[in-house]
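Okay, here's what each chain looks like letter by letter:
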Amino acid sequence: MLAKQLSVFLENKSGRLTEVTEVLGDAGINLSAMSIADNSDFGILRCIVSEPERAYQALKEAHFAVKITDVIGFTCPNTSGSLARVMKYLAEAGVFIEYMYSFANGDVAHVIIRPTDLAACEEILVEKKVDLLAASDLYKL
C-alpha cells in the first residue's frame, strides 16, 4: 500500500528545520515520521504527514523546494532479526531500496521504504504476508 511522503530540500543553516515545522504546525498538519539526510550544502527532510497534499501546498507557498514521493510502510515485530527477514525477501527478489527509515513503538517497529520498483516490492511483501500499513494509518502514527 503506497503512501505519500514529502521531501523538502533545506539549506544547511540554523533555523531552516524550525521554519518547516512552523509552516506545518500553523497549517494544522501533524508530522508522523521524519528523517534528515545532509551533505555540506543542503539537507533533505523526508517526512510522513497527516495531510500530504495540504502540507505540500503550505510549504510551496512558504517558498520551500518540496516534492511528493510514493513510499511503502510496513510493520514488523520489534525483535532481533525481524527486519532482516523482510529485507532478505526483497533482496532475494532483486528489489533495491533507495532509502529507509524506521522507528519502534513498544513491540512493533514501523518501517518506511523507498524501493526502485514500488509494484514489485509491494507484491513481494503481500506474498510474504508482511503487515503493510495503509496510507491512512501511516499518516496517523
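Conventions adopted
Residues numbered from 1 in each chain as written. Predicted model: local features only at pLDDT ≥ 70, side-chain atom pairs only at ≥ 80, totals over all residues. Heavy atoms only, no water. Helix = DSSP H or I, 4+ residues; strand = E, 2+ residues; numbered from the N terminus. Phe/Tyr/Trp six-rings, centres within 6.5 Å; stacked < 30°, edge-to-face > 60°. Lys NZ or Arg CZ within 6 Å of the ring centre and 35° of its normal. Pairing = 2+ DSSP bridges. Core = buried A, V, L, I, M, F, W, Y, C linked by side-chain atoms within 4.5 Å. Buried < 20%, exposed > 50% of the residue type's maximum accessible area, 1.4 Å probe, protein only. Contact = heavy atoms within 4.5 Å. Salt bridge = Lys/Arg side-chain N within 4 Å of Asp/Glu carboxyl O.

**Q** Help me understand unusual backbone geometry, please; the structure alone is not making it clear to me.
**A** Glycine aside, residues mostly have negative phi angles, and peptide bonds mostly take the trans form. Its identity as a non-glycine residue notwithstanding, H63 has a phi of 70°, on the positive side. Looking at the secondary structure, you find H63 in the loop between α2 (52-61) and β4 (65-77). The backbone of K129 shows a phi angle near 60°, a positive value even though the residue is not glycine. Checked against the element boundaries, K129 lands in the loop between α4 (118-127) and β7 (131-132).

**Q** Please explain the packing of aromatic side chains as it appears in this structure.
**A** Two measures describe an aromatic ring pair: the distance that separates the ring centres and the angle between the ring planes. Using the criterion set out here, one finds zero aromatic pairs in the structure. Over the ring of Y99 we find R46; its NZ or CZ atom is 3.6 Å from the centre of that ring.

**Q** Would you mind showing me how to read the pairing of strand β1 (residues 2-11) here?
**A** Consecutive residues of a regular strand have side chains that alternate between opposite faces of the sheet. Sheet topology places β1 next to β4; eight bridges connect them, and they run antiparallel. Pairing of S7 across the sheet is with K67, part of β4. Pairing analysis gives six bridges linking β1 to strand β3 (residues 42-49), with the strands arranged antiparallel. Each bridged residue has a counterpart across the sheet, and for E11 the counterpart in β3 is F42.

**Q** What is the right way to look at the nonpolar core in this model?
**A** Nonpolar side chains in soluble globular proteins tend to end up buried together. I72, F74, L90, V95, I113, C121 and L125 are the most contacted members of the largest nonpolar core, which totals 16 residues. Those elements that provide at least two residues to this core are β4, α3 (82-92), β6 (108-115) and α4. Broken down by element, the residue count for this core peaks at four residues, all from α4. The residues contacting I72, other than those within four sequence positions of it, are M1, L2, V111, I112, I113, P115, L118, C121, E122, L125 and L132. In this structure, L10, V23, A55 and F64 belong to the second largest nonpolar core, which totals 15 residues.

**Q** Can you walk me through the pattern of salt bridges in this structure?
**A** Where charged atoms from two side chains of opposite charge come close, those side chains can pair. Scanning all chains against the criterion turns up four salt bridges. Between E51 and R54 there is a salt bridge; the shortest N-O distance is 2.8 Å. By relative accessible area, which is 40% here, R54 ends up partly exposed.

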